Amino acid sequence: MSRLSIYFRKKPVDVILQEAQAEPTGEGHRGHLKRELNVKDLTAMGIAAVVGAGIFSTIGEAAYHGGPGISLLFILTAITCGFSAMCYAEFAARIPVSGSAYTYAYASFGELIAWIIGWDLLMEYAIGNIAVSISWSGYFTNLLAGFHIQLPDYFTMDFLSAYRGYHTALHQLSAGMSLHELPAQLQRAYHAWLDAPGIGPIKCIADIPALCIVVFITYLVYIGIKETKLATNLMVALKLAVIIGVIILGFFYVQPANWSPFLPHGLGGVMKGVSAVFFAYIGFDAISTTAEECRNPQRDLPRGMILALVICTILYILVSLVLTGMVPFQELNVNDPLAFVFQRIGLTHISYVISVSAVIATASVLLVFQMGQPRIWMSMSRDGLLPPAFARIHPRFGTPSFSTIVTGIVVAVPALFMNLQEVTDLTSIGTLFAFVLVCGGILFLPEPSEQANDSTQSRPAKGFKVPYVNGKYIVPLLFLAGIIIFRHFIIGLWKFDDLHPMRFAERLPYMLFMLIACIIAVFTYLKNWSLIPVLGFTSCLYLMTELGYTNWLRFLIWLVIGLIVYFTYSHKHSKLQEKDDVIAHHRVSSN
């Protein structure tokens, strides 16, 4: 085996399944997760993960840019996610273990790519959880304020926000503005810094509600999947009741004149909401981490993912139409659009109900993601890429105990002090990267007939498979059509003058997309690749280009850190590496 090929060793599907079913070893760190989940529970978890901050906050920003036509973007994004969902569903049926995209990449691309996607998922889940906990804190604080309960500002804000806000407020006050003329957020930061206890310049400022919700959710995840399932189902039922109520009540206040023009800023305005709309769909893939806790993963995981995606898409389209029909879209660039529209028409008591639902919705998102991350760590530890403690299963609760505790610490501590305004897009770029590799992985995943022919090895029951549509001619034709339709933009990428002011660094993601799309079109023609995975791959890669050069740079820096960890620890402790060493030693001894 060559030095380079060592890093791309694939793990056979049969081996992955056997290891997942293995009995506890003498080290005592292995065990079985409890199988408690059915298709209803999985659908609820998918809805819990998806319907959160997107429908309660970012949908307003998207509607502001795209007008009523934003409903079309929800459909387009749902189709894009649908391609990925079908690929996830086939992987979940073929490889029903808890590692999600990490395990899928190990079987289709090899160890190094698997490590990269595993490391990417750690960033996606951790930053996503931190952002959701901070968002929950804001909703919860506003809800308490509605009941005239006021927490100290220095215990509901992170240190950096208070520090920066205080000095910004000082600058504006010195310029002649009064305190009451400053934005409300600056006033909060100013008072938080002034009133906070501390010693000299060291202030005690921390987001205590964010800490409390992370501790509570981590406890729920730690004590068992059954308790997590019950809590998720309850929260999903409550928030669905509120959202459906909002849709029904809102339609009575819709003024059709607000839907005209339907595309006030054209398709360009609609596409400005790509990041916000895609963020609203993040989460349906998280339920694939529960594969080992499903009663029938081959059947139920694909159904749960696809049902959750369909239900959420219908809700998003109806909510976007209601919002833009109740008030002019120009007024929707607010943090809490659902509550705002009812306040705007005088139904203040309804806005309080929506605030309660927002608190529940964001808590349910945190619950599902906080459950997913430990299971990915557990799978990476089983393969030797992380220390053995991460694979430890609690003997009573049947959960990955050590990984769950570490996840709680990794999320809770930064949530106290960090301002994540500049890095939340990393959640989107990390998720899209996972989608890209999962869609690509389907193209390289060996067929069951190509696996070992040992009939004694257990195989998963026949499950979902992505419908095969030959993309031999369709994909190249779509690529050529895209070149023709967007020829002016593509030509502009290679021009550097006053008419094309985009910096070279900002052009790089688009250039990379064009290159990869061309390669994909050629290989699809040569190898008769399946259409759906190819469309999922290219559409998700395009959405990554829309997230900007800065987020790409931060993402690449995170991946470089991950590669350092891999080459200094993970590669040396890999279970596949250990097997290769044993075989090599045996050959040397035989000679």
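Relevant structure appears above.
Summary of the structure given here. (Residues numbered from 1 in each chain as written. Predicted model: local features only at pLDDT ≥ 70, side-chain atom pairs only at ≥ 80, totals over all residues. Heavy atoms only, no water.)

According to the stated counting rule, one finds 2 cavities of 30 Å³ or more in the structure shown. Taken as a whole, the second largest cavity holds about 110 Å³ of empty space. Lining the second largest cavity are 11 residues, and of these K11, I16, E19, R382 and D383 lie nearest its centre. The class makeup of the residues in the lining of the second largest cavity is 5 nonpolar, 2 polar and 4 charged. (1 Å grid on protein atoms, 1.4 Å probe; cavity = no way out; pocket = protein on both sides within 12 Å on 5 of 7 lines; lining within 4 Å. Points joined across faces, edges and corners; volume = space filled by probe spheres on them. Nonpolar A, V, L, I, M, F, W, Y, C, P; charged D, E, K, R; others polar.)

Further remarks concern the packing of aromatic side chains. Geometrically, a pair of aromatic rings is defined through the distance of the ring centres and the angle of the planes. The final tally for this structure, using the stated rule, is 25 aromatic pairs. Note on W119 and W558: the rings are 4.6 Å apart at their centroids and 20° apart in plane angle, and the pair reads as stacked. In this pair, W119 is assigned in helix α7 (residues 111–146) and W558 in helix α23 (residues 549–573), connecting sequence segments 439 residues apart. Considering the side-chain rings of Y166 and Y190, the 5.5 Å spacing of their centres and the 20° angle between planes classify their relative orientation as stacked. Taken together, the residues span a long stretch of sequence, with Y166 in helix α8 (residues 159–174) and Y190 in helix α9 (residues 184–195) at a distance of 24 residues. Each of the two residues, Y166 as well as Y190, counts as buried. Members of the aromatic cluster, each reached through a chain of ring pairs, are W115, W119, W558, Y566 and F567. When the ring centre of Y473 is taken as reference, the NZ or CZ atom of K472 above it lies at 5.8 Å. The ring of Y525 is capped by K472, whose NZ or CZ atom sits 4.2 Å from the centre of that ring. (Phe/Tyr/Trp six-rings, centres within 6.5 Å; stacked < 30°, edge-to-face > 60°. Helix = DSSP H or I, 4+ residues; strand = E, 2+ residues; numbered from the N terminus. Buried < 20%, exposed > 50% of the residue type's maximum accessible area, 1.4 Å probe, protein only. Lys NZ or Arg CZ within 6 Å of the ring centre and 35° of its normal.)

To continue, consider the packing of helix α16 (residues 348–382) against helix α17 (residues 401–417). Put simply, α16 and α17 touch, their axes get as near as 9 Å, and they point 125° apart. Our classification of the angle between α16 and α17 gives oblique. Handedness of the α16/α17 crossing: right-handed. Residues Q370, Q373, P374, W377 and M378 of α16 touch α17, and the partners they reach there are S403, T404, V406, T407, G408, V410 and V411. (Axes fitted to C-alpha atoms, helices over the stretch in contact; angles between N-to-C directions. Parallel < 35°, antiparallel > 145°, perpendicular 65-115°, else oblique. Left-handed = near helix turned anticlockwise from the far one by under 90°. Contact = heavy atoms within 4.5 Å.)

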